[in-house]
Amino acid sequence: MSGGNLVLLATAAFAGSAMSGGRLEIGGDAGDFLTAPLEGEMEGMTGGLLIVRGNAGERAGDRLRRGTIVIEGAAGIFREAG
């Protein structure tokens, strides 16, 4: 997503992974890896605004480069691998 406004009224997995602009709002929960890169990619979200009305799992914001994440619920504990 590089621009515009998208509202999801459900839960979402890997939301915002390749987001570079715009506004994404998730009405439910977001699982682990919110804004994290997809497998084989080096960076996740690079811009925009992502709003989660529910909870986010572990590793939310992993490899986030730019942009803003707002999580209204709880967020999981981030544990560095290794």
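Bear in mind that the values here come from a model prediction, so they are computed numbers and not experimental data. (Residues numbered from 1 in each chain as written. Predicted model: local features only at pLDDT ≥ 70, side-chain atom pairs only at ≥ 80, totals over all residues. Heavy atoms only, no water.)

1. What about the overall build of the protein?
Quick reminder of the rule: Secondary structure counts use DSSP, requiring at least four H or I residues in a row for a helix and at least two E residues in a row for a strand, with both numbered from the N terminus. For the radius of gyration, the atom set is restricted to C-alpha positions; the globular benchmark scales as 2.2 Å times the number of residues to the power 0.38. Relative accessibility under 20% of the residue-type maximum defines a buried residue, over 50% an exposed one, and the middle range a partly exposed one, all with a 1.4 Å probe and only protein chains included. Contacts between residues were defined by any pair of non-hydrogen atoms, one from each residue, lying within 4.5 Å. To be clear on the numbers: accessible area is Shrake-Rupley with a 1.4 Å probe, and residue cover counts the displayed protein chains and nothing else. Charge counting treats Lys and Arg as positive and Asp and Glu as negative, with His and both chain ends excluded. All charge positions are set by atom: Lys at NZ, Arg at CZ, Asp at CG, Glu at CD.
A count of helices and strands for the protein gives zero helices and four strands. Secondary structure elements of the protein, listed N to C terminal, follow the sequence β-β-β-β. Against the compact-globule benchmark of 12 Å for 82 residues, the protein has a radius of gyration of 11 Å, which places it among compact chains. Over its C-alpha atoms, taken along the principal directions, the protein stretches across nearly 35 × 25 × 20 Å. The buried share of the protein, taken over its 82 residues, is 32%. Excluding contacts between residues fewer than 6 apart, the proportion of contacts in the protein whose partners are at least 24 apart in sequence is 37%. In the structure as shown, the protein presents an accessible area of about 4700 Å², 51% of it carried by carbon and sulfur atoms. For the protein, the separation between the mean place of its 7 positive charges and that of its 10 negative charges on side chains is 5 Å.

As far as function goes, none of this settles anything; it's purely spatial.
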